[in-house]
Amino acid sequence: MKNSKILYQHGTLALLVPGLLTGTITMGELLAHGDTGIGTGEGLDGELIILDGVPYQVDSHGNVNVLKEDFIMPFANSHFADYNELGTINNASSADFEKAALEGKPNSNTFFSVLVKGTFSYLKTRAVVKSTKPFATLAETAKNQSIFEAKNVKGILLSYYSPALFHGAAVAGFHNHFLADDHSIGGHILDFKIAEGTISVQQFDTLEQHLPVTDKEFMKHDFSKDDIAKAIADAE
């Protein structure tokens, strides 16, 4: 039975900081835990967004590729979609979006996902160029990225909200990815403005955290030496 209250996460954002970018889960394995999600490929190979069970990759050239089940990832989220519509959102900045998603609260102590379907008057996204072993740190790898911008584009914003307590395991606050209906732009969102759309939320009561225990580099790494919070903030 599909449990829509579970957010599944493979890996942590913290493991990306020192450059532990080896793929440790396949797309086929990830899709067993959800039909909706985000992530990145081995070596930060593009930005991923899963919608209606179809996994898309926005690569560093701006191409949108449908991924096969053997595509591997160091980090990804997935869940089974069961969103509740909050209403419409118009002429909204990122701050307006966050206020609406939190329903006016300053923060949330639970994980939840947000979906916005509509027209975006402005979008700025990025996708990182795939790196190869030996992998550099997140900060170094993220410097080699492509930036995309668009105006008046229809599409879907998929976001995951993580409580501040879990920063490092995930991004504290909102982690937003986008895919245009016509696949003209997508990726990890750096900035946006919503012209008009519908906003829906799905709350989770369980985080299923899966760690790559068969990866020797991960198992022996000392994360106390990494400035995780700063590295994630700079990369996001």
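This one's a predicted model, so the numbers in the text were calculated from it and none came from an experiment. (Residues numbered from 1 in each chain as written. Predicted model: local features only at pLDDT ≥ 70, side-chain atom pairs only at ≥ 80, totals over all residues. Heavy atoms only, no water.)

1. With respect to the overall build of the chain
So, step 1. What the chain contains, in helices and strands, is 6 helices and 15 strands.
So, step 2. Its C-alpha atoms give the chain a radius of gyration of 17 Å, within 12% of the compact-globule value 18 Å for 236 residues.
So, step 3. Taken over the C-alpha atoms alone, the chain extends approximately 50 × 35 × 35 Å along its principal axes.
So, step 4. Of all 236 residues assigned to the chain, the portion counted as buried reaches 54%.
So, step 5. A separation of at least 24 residues holds for 77% of the contacts in the chain among residues at least 6 apart in sequence.
So, step 6. Within the structure as shown, the chain displays about 10900 Å² of accessible surface, and the carbon and sulfur contribution to it stands at 49%. (Helix = DSSP H or I, 4+ residues; strand = E, 2+ residues; numbered from the N terminus. Rg over C-alpha atoms; globule rule 2.2 N^0.38 Å. Buried < 20%, exposed > 50% of the residue type's maximum accessible area, 1.4 Å probe, protein only. Contact = heavy atoms within 4.5 Å. Areas by Shrake-Rupley, 256 points an atom, 1.4 Å probe, with all protein chains shown as cover.)

2. Some thoughts on the environment of Phe148
So, step 1. Tracing the backbone shows Phe148 in strand S11 (residues 145-150).
So, step 2. Each C-alpha atom of the pair Phe148 and Glu29 lies 30 Å from the other, and the pair is 119 residues apart in sequence.
So, step 3. Excluding residues within four positions of it along the chain, Phe148 makes contact with Asp59, Ser60, His61, Gly62, Leu123, Lys124, Thr125, Arg126, Ala127, Ile185 and Gly186.

3. Side note on the pairing of strand S14 (residues 186-203)
So, step 1. Across 8 bridges, the pairing between strand S9 (residues 84-93) and S14 is antiparallel. Of the residues in S14, the one forming a bridge with Gly87 is Ile199.
So, step 2. In the sheet, strand S10 (residues 112-128) pairs with S14 via 14 bridges, with the strands oriented antiparallel. Across the sheet, Phe120 pairs through a bridge with Ile194, a residue of S14. (Pairing = 2+ DSSP bridges.)

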